[in-house]
Amino acid sequence: NAGVTQTPKFQVLKTGQSMTLQCAQDMNHEYMSWYRQDPGMGLRLIHYSVGAGITDQGEVPNGYNVSRSTTEDFPLRLLSAAPSQTSVYFCASSPLGRGSKSGELFFGEGSRLTVL
Amino acid sequence: AQSVTQLGSHVSVSEGALVLLRCNYSSSVPPYLFWYVQYPNQGLQLLLKYTTGATLVKGINGFEAEFKKSETSFHLTKPSAHMSDAAEYFCAVTSLDMRFGAGTRLTVKP
């Protein structure tokens, strides 16, 4: 079972470069989200989507864009990478709503991004 | 808005000893509460969750947690630690979006 798949697993960028982190899920979940994980800060919500064509901002959206053209895919774009965006990024999905009353989030294995 | 505070960024126990990881939350509405575990270089996996009903919830790998509304707490316990329990543990609360604590790294000494 694939679940939530993230690519790439590792990426090194130079300041100012752009890139897209890919996320795909095969569970037909309506809700998808992106978190970043930094030491001592837990996971912070970047953007989320409650269905195709619908996205919204989380706690730390600045510097990131998302789109949701299909139920399966939820890419995260960095338009001009900065060293402060060095982090581990996790995509997560959930079957209902905003991941709230639905309960469990299903996580990908993470993408480690370094910005020099 | 909801938030989570995990007391202690690092906890170290001996194999066979009690594990206690502390979590306090704040939420303006009745919360749903979760504990997730993260092993090195992996994503998070659900250990257990409290939604409604029984306040003592049991999860995988022998872990359990008790929801105490009066104390706004949801501490995670396991009676006897195993080496394989070494990981990072995250408490999370949700009313609209899921918010995570900063995490507690559990070390188990032989």
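Quick caveat, the model's predicted, so the values are computed rather than measured.

Check the secondary structure of chain A and you find zero helices and eleven strands. When its helices and strands are written in sequence order, chain A yields β-β-β-β-β-β-β-β-β-β-β. Here the C-alpha radius of gyration of chain A, 13 Å, is about what a compact globule of 116 residues would show, namely 13 Å. In terms of overall dimensions, chain A has C-alpha extents of about 40 × 30 × 25 Å along its principal axes.

Residues and elements named next belong to chain B. In this structure, Trp35, Leu47, Leu48, Phe74, Leu76 and Tyr89 are the most contacted members of the largest nonpolar core, which totals 27 residues. Listing elements by their share of this core, those giving two or more residues are β2 (10–14), β3 (19–26), β4 (32–38), β5 (44–50), β7 (64–68), β8 (73–78), β9 (87–94) and β11 (104–109). Not counting the four nearest positions on each side in its chain, tyrosine 89 is found in contact with Gln6, Leu21, Trp35, Tyr36, Val37, Leu47, Phe63, Leu76, Gly103, Thr104 and Leu106.

The next point concerns the sheet that holds strand β8 (residues 76–78) of chain A. All names here are of chain A. What the four strands build is an open sheet, ordered β1-β3-β8-β7; its pairing is antiparallel. The sheet is open, and its two borders are formed by β1 (4–7) and β7 (64–66), each paired with just one other strand. Averaged over neighbouring strand pairs, the angle between their axes works out to 20° when direction is ignored. For strand β3 (residues 19–25) and β8, the ladder comprises three bridges, and the chain directions are antiparallel. Bridged to methionine 19 within β8 is leucine 78.

Under the definition given, this model contains six salt bridges over all chains. In this structure, glutamate 59 of chain A and arginine 99 of chain B form a salt bridge, with 3.6 Å as the shortest nitrogen-oxygen distance. One end of the pair, glutamate 59 of chain A, is in the loop between β6 (54–57) and β7; the other, arginine 99 of chain B, is in strand β10 (residues 98–100), on a second chain. Here glutamate 59 of chain A falls in the partly exposed class, since its relative accessible area comes to 34%. The salt bridge involving lysine 78 of chain B is made with aspartate 85 of chain B; its shortest N-O contact spans 2.8 Å. A relative accessible area of 2% means that aspartate 85 of chain B is categorised as buried. Within this structure, Arg36, Asp38 and Arg44 of chain A form a network of salt bridges that share partners.

Attention now moves to the pairing of β7 of chain B. Residue and element names in this part refer to chain B. Here β7 shows a clear split, with Ala65 and Phe67 buried on one side and none of Glu64, Glu66 and Lys68 buried on the other. Pairing between strand β6 (residues 56–58) and β7: three bridges, direction antiparallel. In the sheet register, valine 57 faces β7, and the bridge partner there is alanine 65. Linking β6 to β7, which pair antiparallel, is a turn of five residues; within it asparagine 61 sits at a positive phi near 60°. Bridge analysis of β7 against β8 gives five bridges, and the strand direction is antiparallel. Following the sheet pairing, glutamate 64 is matched in β8 by threonine 77.

Conventions we followed
Residues numbered from 1 in each chain as written. Chains lettered and ligands numbered in written order. Predicted model: local features only at pLDDT ≥ 70, side-chain atom pairs only at ≥ 80, totals over all residues. Heavy atoms only, no water. Helix = DSSP H or I, 4+ residues; strand = E, 2+ residues; numbered from the N terminus. Rg over C-alpha atoms; globule rule 2.2 N^0.38 Å. Core = buried A, V, L, I, M, F, W, Y, C linked by side-chain atoms within 4.5 Å. Buried < 20%, exposed > 50% of the residue type's maximum accessible area, 1.4 Å probe, protein only. Contact = heavy atoms within 4.5 Å. Pairing = 2+ DSSP bridges. Axes fitted to C-alpha atoms, helices over the stretch in contact; angles between N-to-C directions. Salt bridge = Lys/Arg side-chain N within 4 Å of Asp/Glu carboxyl O.

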